[in-house]
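# Commentary on secondary and tertiary structure
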Amino acid sequence: VQLVESGGGLVQPGGSLRLSCAASGFTFSRYAMSWYRQAPGKERELVAGIGSADGSTFYASSVKGRFTISRDNAKNTVYLQMNSLKPEDTAVYYCNANVILLDYWGQGTQVTVSS
């Protein structure tokens, strides 16, 4: 299993970014996917998740209404569209797949929200 995130960067408050996670090594369409983030000095937290079959979604309360998770099973890719970004969204963002009860993580992509 391999997960490769991209799309992070520096953005001003109120701006937008779209993160991508390219997956390989497993049947992507059969598994739920998630995005987590970890800010300096804090524990890693779940940001958003998307189901495999019906595409149902989950969002942490801190990002609901601002972030959108989606997936393209033809491209084996999961996305995180982040709008109205705030300084408190600054963190390393990680893609996660739980495949046959094992957690797999990407290398992470840094998102910095600052003026």
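First things first, this report covers the structure right here in the doc. Residue positions are given per chain, counting from 1 as you read along its sequence in written order. Given that this is a predicted model, residues contribute local features only at a pLDDT of at least 70 and side-chain atom pairs are listed and counted only at 80 or more, while totals for whole chains, interfaces and linings are drawn from all residues. Each side-chain value is derived from all of the structure's non-hydrogen atoms; neither hydrogens nor water enter the calculation.

### Thoughts on the state of the cysteines
- Cysteine sulfur atoms are paired as a disulfide whenever they come within 2.5 Å of each other. As enumerated under the stated definition, the model contains one disulfide in all.
- The side chain of cysteine 21 participates in a disulfide bridge whose partner is cysteine 95; the two sulfur atoms lie 2.2 Å from each other. One quick way to see it: the torsion about the S-S bond of cysteine 21 and cysteine 95 is about -80°, and its sign makes the bridge left-handed. With cysteine 21 in strand β3 (residues 17-24) and cysteine 95 in strand β9 (residues 91-99), the pair connects residues that are 74 residues apart, well separated along the chain. Where helices and strands are cited, they refer to DSSP runs of H or I of at least four residues and of E of at least two residues respectively, numbered from the N terminus.

### Focus: the side chain of arginine 71
- Inspection of the secondary structure puts arginine 71 in strand β7 (residues 67-72).
- Contacts described as polar in this section are N or O atom pairs within 3.5 Å, which, within protein, must combine one atom able to donate a hydrogen with one able to accept it, while residues neighboring in sequence count only if both atoms come from side chains. A distance of 3.0 Å separates a polar atom in the side chain of arginine 71 from the backbone oxygen of glycine 51.
- Looking at arginine 71, its side chain comes within polar contact range of the side chain of asparagine 73, at 2.9 Å.

### Some words on the pairing of strand β11 (residues 109-113)
- The side-chain alternation of β11 yields one buried face, formed by Thr109, Val111 and Val113, and one unburied face, formed by Gln110 and Thr112.
- In this analysis, strands are considered paired if DSSP registers two or more bridges between them. Looking at chain direction, strand β2 (residues 9-11) and β11 are connected through three bridges and run parallel. Bridged to leucine 10 within β11 is threonine 112.
- Two strands pair when backbone bridges link them, and β9 and β11 are joined in this way by three bridges, in the antiparallel orientation. Opposite valine 92, over in β11, you have glutamine 110 as the bridge partner. Buried means the residue's accessible area, taken with a 1.4 Å probe over protein chains only, is under 20% of the maximum for its type, while exposed means over 50%, and partly exposed covers the values in between.

### Description of the pairing of β7
- Covered by surrounding structure in β7 are Phe67, Ile69 and Arg71 only, the residues Thr68, Ser70 and Asp72 on the alternate face being uncovered.
- Strand direction decides the pairing type here: β7 and strand β8 (residues 77-82), joined by six bridges, are antiparallel. Each bridged residue has a counterpart across the sheet, and for serine 70 the counterpart in β8 is tyrosine 79.
- Counting the residues that bridge the hairpin from β7 to β8 gives four residues, and of these asparagine 76 lies at a positive phi of roughly 50°.

### Some words on the sheet that holds β8
- Read across the open sheet, the four strands follow the order β1-β3-β8-β7; overall the sheet is antiparallel. A strand with exactly one partner marks an edge of an open sheet, and here the two such strands are β1 (2-6) and β7. Taking the axes of each pair of neighbouring strands and ignoring which way they run, one obtains an average angle of 15° across the sheet.
- Examined bridge by bridge, β3 and β8 share six bridges and lie antiparallel to one another. Bridge pairing in β8 links leucine 19 to leucine 80. Note on geometry: axes are lines fitted to C-alpha atoms, helical ones only across the stretch in contact, with angles between N-to-C directions running from 0 to 180 degrees.

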